[in-house]
Amino acid sequence: MNAIEQSGRAYQELIKGIWKENPIFVSVLGMCPTLAVTNSAINGLAMGLATTFVLIGSSLLVSLMRKWIPKQVRITTYIVIIATFVSTVDLTLEAFFPKIHKELGAFIALIVVNCVILGRQEAFASKNPPWLSFLDALGMSVGFIIALLMLGGIREILGNGSFFDISLFGSHFEPWVIMILPPGGFLLLGFLLLFFNWLRAVRLDRAKLEAEKVKVQHG
Amino acid sequence: MNNQPVHTEIPIVSSAEPSSLRLIMTLGIAGFFSGLILVSAYVFTLPLIERNKEEALQAAIYRVLPGCSRYDAMILKNGELVKQDKNAAGQSVSRIFLGYSDSGSVIGFAIPASEPGFADVIRLLYGFEGTGKVIVGFEVLDSKETPGLGDRIFKDKHFVSNFTALAVEPELEAVKTGAKVKPNQVETITGATISSKAVIRALQKSLKEWRSAIDAYVQKNQLTYNQRP
Amino acid sequence: MGDLLWIFISALLINNFTLSSFLGICPFLGVSDRVDTALRMGLANIFVMLITAISAWALNTFVLIYAPYLRLISFIIVIASTVQFVEMVIKKFSPDLFKALGIFLPLITTNCAILGLALFQTTKEYGLVQSLFYALGGGGGMTLALVLMAGIREEARILDIPRVVHGTALSLIVAGILSMAFMGFAGLFSSK
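What counts, and at which threshold
Each chain carries its own residue numbering, running from 1 in the written order of its sequence. Chains and ligands are labelled by the order in which they are written, letters from A for the one and numbers from 1 for the other. Owing to the predicted nature of the model, reporting of local features is limited to residues with pLDDT of at least 70; listing and counting of side-chain atom pairs is limited to 80 or more, with chain, interface and lining totals taken over all residues. Hydrogens and water molecules were not included; the side-chain quantities draw on all heavy atoms of the structure. Secondary structure elements follow DSSP: runs of H or I no shorter than four residues count as helices, runs of E no shorter than two count as strands, and numbering proceeds from the N terminus. When accessible area is computed with a 1.4 Å probe and restricted to protein chains, residues below 20% of their type maximum are described as buried, those above 50% as exposed, and intermediate ones as partly exposed. Accessible areas in this description were obtained via Shrake-Rupley with a 1.4 Å probe; residue shielding takes into account the shown protein chains only. Should any heavy atoms of two residues lie within 4.5 Å, those residues are considered in contact. Charge counting follows a simple rule: Lys and Arg are positive, Asp and Glu are negative, and His as well as the terminal groups are ignored. Just so you know, the charge point we use is NZ for Lys, CZ for Arg, CG for Asp and CD for Glu. Computed with a 1.4 Å rolling probe, the buried area is the accessible surface lost when two parts are put together, summed over both parts. Salt bridges, as used here, are contacts in which a Lys or Arg side-chain nitrogen is within 4 Å of a carboxyl oxygen on Asp or Glu. Under this definition, polar contacts are N or O atom pairs within 3.5 Å; protein pairs additionally need one hydrogen-donor-capable and one acceptor-capable atom, and for neighbouring residues in sequence, both atoms have to be side-chain atoms. Side-chain classes follow a simple rule in which Ala, Val, Leu, Ile, Met, Phe, Trp, Tyr, Cys and Pro form the nonpolar group, Asp, Glu, Lys and Arg form the charged group, and the remainder, Gly included, forms the polar group. Stacked, edge-to-face and tilted are the three classes for Phe, Tyr and Trp ring pairs, Trp counted by its six-membered ring, which pair at centre distances within 6.5 Å; planes under 30 degrees apart are stacked, over 60 edge-to-face, the rest tilted. Two conditions define a charge sitting above a ring: the NZ of Lys or the CZ of Arg must be within 6 Å of the ring centre, and it must be within 35 degrees of the ring normal. When DSSP finds two or more bridges between a pair of strands, those strands are recorded as paired. To get an axis, fit a line to the C-alpha atoms, keeping to the stretch in contact for a helix; angles then go from 0 to 180 degrees between the N-to-C directions. To sort the angles, those under 35 degrees are grouped as roughly parallel, those over 145 as roughly antiparallel, those from 65 to 115 as roughly perpendicular, and the leftovers as oblique. Note: crossing handedness is left-handed where the near helix turns anticlockwise from the far helix by less than a right angle, and right-handed where it turns clockwise.

*Asks:* Describe the overall build of chain B, and please don't skip the residues or the numbers.
*Replies:* Each helix and strand counted, chain B has four helices and nine strands in total. Shown N-terminal to C-terminal, the secondary structure of chain B runs as helices and strands in the order α-β-β-β-β-β-β-α-α-β-β-β-α. Within chain B, the proportion of its 229 residues that are buried is 44%. As displayed, chain B offers around 12,700 Å² of accessible surface, 57% of which is attributable to carbon and sulfur atoms.

Below is the structure:
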């Protein structure tokens, strides 16, 4: 494989997590933190960044040590590595950002059982060199952050009339309080997935139509 | 990164069946390094975390006891209020705080209280002046009450103003908005009656728990409070 | 006693583990297409939760006061080994039960409801009995949500719904409506 193909592959690994294999909108993984903390944009962003740190850190480490970890104990080792990163993030947030730590509460510690992270170790980092694992983790993290920001942003705008605590509509706006309550999380993600289903269906229909047109022309 | 191998499927282990010793070794090494990182992170962040907690507590106490600038943590020992030993400070004992002003005179007690509200437990801190037997300040520490309705127990200025000079004797009483005539009455919030009443119940419960000890302490030490303006 | 009842009802209904605290969403979306599997999954969960509550309480009281930084790691390891142990015991003494629960037990290890239970009971500073009631309520709440969801999805299979409304999108919207319904339980304890 030559250099161009290699950088093409690297680009692919980076970009796939953002849209094509987006961990939330396409794979529907890691739902607990996604729904629980996205009642405001800032909380969504904080959770996204914390997860990014854990994901990139553990992917790099797992990838570097992939040849020395016997496969019988690999899951346990991954979990120990992930839990170490999560505990560190937890302590750091509590020390430097006590307000955000209080808002996110136990859900920071619950990053450990976020299936996205363990999933990437098992599916990618354990089989690929550090550089590609880093790109894969980075792409997935960006995809995760985009999804969390989208959910948190929409929920905050509709449910509180603000975005990153900046009031948007003035005092005349009656907020849709339900959006920042638990049902709002379920409903918004449900409707977003519905929208993506619909996009996909439309695209599929169009492709089918094109194919039939071609058939008719040739037939 | 051009000299990186590009084959994706590198076998995880080269040997066929690693010995149990090797498995245990791997886990042991992982555990060792993990422990090392955790301990250093903990040692590094502990002072900051403790300071944050202390600052948050201090800010809340100063808000519920206007004029307070210094405080002691107090615990119950054999039914009597005593100063908590700083070295034996444990989180699990319930404590209240005795606040002093700049000049060293006693301002009052800051007491925590909690009670199930509309959604989840409401945790609050209130200032209590022992001789006048009035509540002088109030702050919600933690609540999951409904935004826009129940959260008015700390966002509604009129409701919070109930607790700037609230007599606790003969006992706290809930009345409708605008109906307050006696100093022991609390005006509840229209649309958030349940949350308002939960606050009153929390105060009643906590007063019942601490009143006798506080009264005894006030009598024993012949505390004289600052005259509030 | 009122306190224990509140802890139980709160985790079961008012602050339902799944529909309001978002714990255990993975099985909620994954294994909720048939009522009987949902029920079994729920029961397996309650069982593991009760054992976790005891172990987490023991760890908190006897070990972690000396080394609080090991909390997360020790919880996870205890949960993973508990699940494995429970699996072996059930396999030995009740092969029928093992057949019924079998595939769900390993799944429970990565279920955030179990770790969530251990973490929340720590932050709420519950004692042993309180933790057990909390586990019972939380597990019961999860089972309730799972079974309700499975019931609705069984019905939805024969309904005439638009073809883009399927899979997770449908489940999430149903969950949103269920979650709204559970909000009606708020105030259950304080409307005196």
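That covers the picture; the talk isn't over yet.
*Asks:* I'd like to hear about the overall build of chain A, residue by residue, with values.
*Replies:* Check the secondary structure of chain A and you find eight helices and two strands. Each helix (α) and strand (β) of chain A, taken in turn from the N terminus, gives the series α-α-α-α-α-α-α-β-β-α. With the principal axes as the frame, chain A shows a C-alpha extent of 60 × 55 × 30 Å. Of all 219 residues assigned to chain A, the portion counted as buried reaches 54%. Pairs at least 24 residues apart make up 73% of the contacts formed inside chain A by residues separated by at least 6 positions. Roughly 9,900 Å² of accessible area belongs to chain A as shown, and the carbon and sulfur atoms make up 69% of that amount. Averaging the positions of the 18 positive and the 14 negative side-chain charges in chain A gives two centres separated by 9 Å.

*Asks:* Tell me what's going on with the interface of chain A and chain C, and back it up with residues and numbers.
*Replies:* With 34 residues of chain A at the contact, the number on the chain C side is 36 residues. Both sides of the chain A and chain C interface together cover about 2,900 Å² of buried area, and 86% of this is carbon and sulfur. In terms of surface lost to chain C, no three residues of chain A exceed C32, V113 and F186 of chain A, which account for 21% of the buried area on that side. On the surface where chain A and chain C come into contact, there are zero salt bridges. Put simply, chain A and chain C have one residue pair in polar contact (both at pLDDT 80 or more) between them. The set of elements that each furnish at least two residues to the side of chain A that touches chain C consists of α2 (31-36), α4 (74-96), α6 (115-125) and α8 (182-218) of chain A. A per-element tally of the side of chain A that touches chain C places α8 of chain A first, with 13 residues. Within the side of chain A that touches chain C, the residues separate by chemical class into 29 nonpolar, four polar and one charged.

*Asks:* Explain the interface of chain B and chain A to me, and be specific about the residues and the numbers.
*Replies:* With 33 residues of chain B at the interface, the matching set in chain A holds 34 residues. Interface area for chain B against chain A, summed over the two sides, is near 3,000 Å², with a carbon-plus-sulfur share of 68%. Connecting chain B to chain A are one salt bridge. The closest approach of N and O atoms between E94 of chain A and K53 of chain B, which form a salt bridge, is 4.0 Å. Counting the contacts that link chain B with chain A gives five residue pairs in polar contact (both at pLDDT 80 or more). Breaking the side of chain B that touches chain A down by element, the ones donating at least two residues are α1 (20-64) and β6 (134-142) of chain B.

*Asks:* I'd like a rundown of the packing of aromatic side chains, residues and numbers included.
*Replies:* Scanning the entire structure with this criterion turns up 23 aromatic pairs over all chains. Measuring from centroid to centroid gives 5.3 Å for W19 of chain A and F196 of chain A, while their planes differ by 80 degrees, and the two rings are edge-to-face. Taken together, the positions of W19 of chain A in the loop between α1 (3-16) and α2 and F196 of chain A in helix α8 put the pair 177 residues apart, joining distant regions of the chain. A residue is classified by how much of its surface remains accessible, and W19 of chain A, at 47% relative accessible area, is partly exposed. Aromatic pair F182 of chain C and F185 of chain C: ring centres 5.4 Å apart, planes at 65 degrees, arrangement edge-to-face. With relative accessibility at 8%, the residue F182 of chain C sits in the buried group. Through successive ring pairs, a cluster of aromatic residues spans W19, F25, F195, F196 and W198 of chain A. For the cation-ring pair, K92 of chain C lies above F93 of chain C, with the distance from its terminal atom to the ring centre recorded as 6.0 Å.

*Asks:* Please provide a residue-by-residue account of unusual backbone geometry, values included.
*Replies:* Its identity as a non-glycine residue notwithstanding, D165 of chain A has a phi of 70 degrees, on the positive side. Its place among the elements puts D165 of chain A in the loop between β1 (162-163) and β2 (166-167). Given a relative accessible area of 63%, D165 of chain A falls into the exposed group. One non-glycine residue with positive phi stands out, namely E125 of chain C, at about 55 degrees. Considering the arrangement of structural elements, one finds E125 of chain C in the loop between α7 (112-123) and α8 (128-156). Assessed through its relative accessible area of 55%, E125 of chain C is described here as exposed.

*Asks:* Let's hear about the side chain of T45 of chain B: which residues, and what values?
*Replies:* Here T45 of chain B lies in helix α1. If we ignore the near neighbours within four places in the chain, the residues touching T45 of chain B are L91, T92 and A95 of chain A.

*Asks:* Any details on the pairing of strand β2 (residues 80-83) of chain B? Residues and values, ideally.
*Replies:* Residues and elements named next belong to chain B. By the bridge criterion, four bridges tie strand β1 (residues 70-77) to β2 in an arrangement that is antiparallel. By the bridge assignment, K77 is partnered in β2 with E80. As consecutive antiparallel partners, β1 and β2 are separated by two residues, and within that stretch N78 has a phi angle of approximately 50 degrees, a positive value.

*Asks:* Run through the packing of α4 of chain A against α6 of chain A, naming residues and quoting values.
*Replies:* All names here are of chain A. Close contact between α4 and α6 brings their axes to 11 Å; oriented N to C, the two are set at 135 degrees. As summarised for this structure, α4 and α6 are arranged oblique, according to the angle between their axes. Crossing handedness for the pair α4 and α6: right-handed. Residue-level contacts link R74, I75, Y78, I79 and I82 of α4 to I117, L118, Q121 and E122 of α6.

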